[in-house]
Amino acid sequence: QVQLGESGGGLVQAGGSLRLSCAASGRTFSTYTMGWFRQAPGKEREFVATISTSVGRPYYADYSDPVKGRFTISRGNAETTVYLEMNSLKPEDTAVYYCATSRNFRSRTSADFGYWGQGTQVTVSS
């Protein structure tokens, strides 16, 4: 099993920045993708960004259209750590952000992610 823990959420004004962190522990040997999803009240959980890798291959980062150019996903020196740098935040970014892992390479589908963190709240105010 894999355990995930997110941190870094909070309340910011529109145009501000936050950095989310996620650390994974446990049986991560079969994890090829780590990423972020978000869910606002009354809405479906949606893809935000993922970063995928496999031994001998380069990293691949993927972003949803609403965050492309504003958010950056990255891996820590320990590949069980992932970050989400969020810049130019908008009120529409307000949601609970979840870290997740997948055995699949470059997936945008939440069903492909088998392990999830507890979520961290991001609130962007005008």
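Described below are features of the structure shown in this document. Each residue is numbered by its place in its chain's sequence as written, counting from 1. A pLDDT threshold of at least 70 governs which residues receive local features in this predicted model, and a stricter bar of 80 or more applies before side-chain atom pairs are shown or counted, although totals over entire chains, interfaces and linings include all residues. To get the side-chain values, all heavy atoms of the structure are used, and hydrogens and water are removed first.

### Here we look at the environment of Gln118
Reasoning step 1: By definition, any uninterrupted DSSP run of H or I lasting at least four residues is a helix, any uninterrupted run of E lasting at least two residues is a strand, and each is numbered from the N terminus. In this structure, Gln118 sits in the loop between β10 (113-116) and β11 (120-125).
Reasoning step 2: Put simply, Gln118 and Glu6 are 112 residues apart on the chain and 7.1 Å apart in space, counted from C-alpha to C-alpha.
Reasoning step 3: Other than its neighbours up to four places away in sequence, Gln118 contacts Leu4, Gly5, Glu6 and Tyr98. The contact criterion used throughout is that any non-hydrogen atoms of two residues lie within 4.5 Å.

### What about the sheet that holds strand β3 (residues 18-26)?
Reasoning step 1: For two strands to be treated as a pair, DSSP must find no fewer than two bridges joining them. Taken together, four strands build an open sheet; the order of strands is β1-β3-β8-β7 and the sheet is antiparallel. Every interior strand has two partners, whereas the edge strands, β1 (2-7) and β7 (71-75), have only one. Each neighbouring strand pair of the sheet contributes to a mean axis angle of 15 degrees, computed without reference to strand direction.
Reasoning step 2: Sheet topology places β1 next to β3; six bridges connect them, and they run antiparallel. Residue pairing in the sheet places Glu6 in a bridge with Cys22 of β3. Lines fitted to C-alpha atoms define the axes here, with helix axes fitted over just the stretch in contact, and angles between the N-to-C directions of these axes take values from 0 to 180 degrees.

### Section: the nonpolar core
Reasoning step 1: For our purposes a nonpolar core is just a set of buried Ala, Val, Leu, Ile, Met, Phe, Trp, Tyr and Cys residues, chained together by side-chain atoms within 4.5 Å. Think of it in three bands: residues with accessible area under 20% of the maximum for their type are buried, residues over 50% are exposed, and the middle band is partly exposed, with areas taken using a 1.4 Å probe on protein chains only. Counting residues in each nonpolar core, the largest one holds 25 residues, and the members touching the most others are Trp36, Leu84, Met86 and Tyr97.
Reasoning step 2: Contributions of two or more residues to this core are made by β1, β3, β4 (33-39), β5 (46-52), β7, β8 (81-86), β9 (95-102) and β11.
Reasoning step 3: Of the residues forming this core, the biggest block, four residues, is contributed by β3.

### A look at unusual backbone geometry
Reasoning step 1: Unlike most non-glycine residues, Ser88 shows phi in positive territory, near 50 degrees.
Reasoning step 2: Inspection of the secondary structure assignment puts Ser88 in the loop between β8 and β9.
Reasoning step 3: The class of Ser88 is partly exposed, set by a relative accessible area of 41%.
Reasoning step 4: Here the phi dihedral of Arg106 falls at roughly 60 degrees; this positive angle occurs in a residue that is not glycine.
Reasoning step 5: Within the secondary structure layout, Arg106 lies in the loop between β9 and β10.
Reasoning step 6: On the basis of relative accessibility, which here comes to 42%, the residue Arg106 falls in the partly exposed class.

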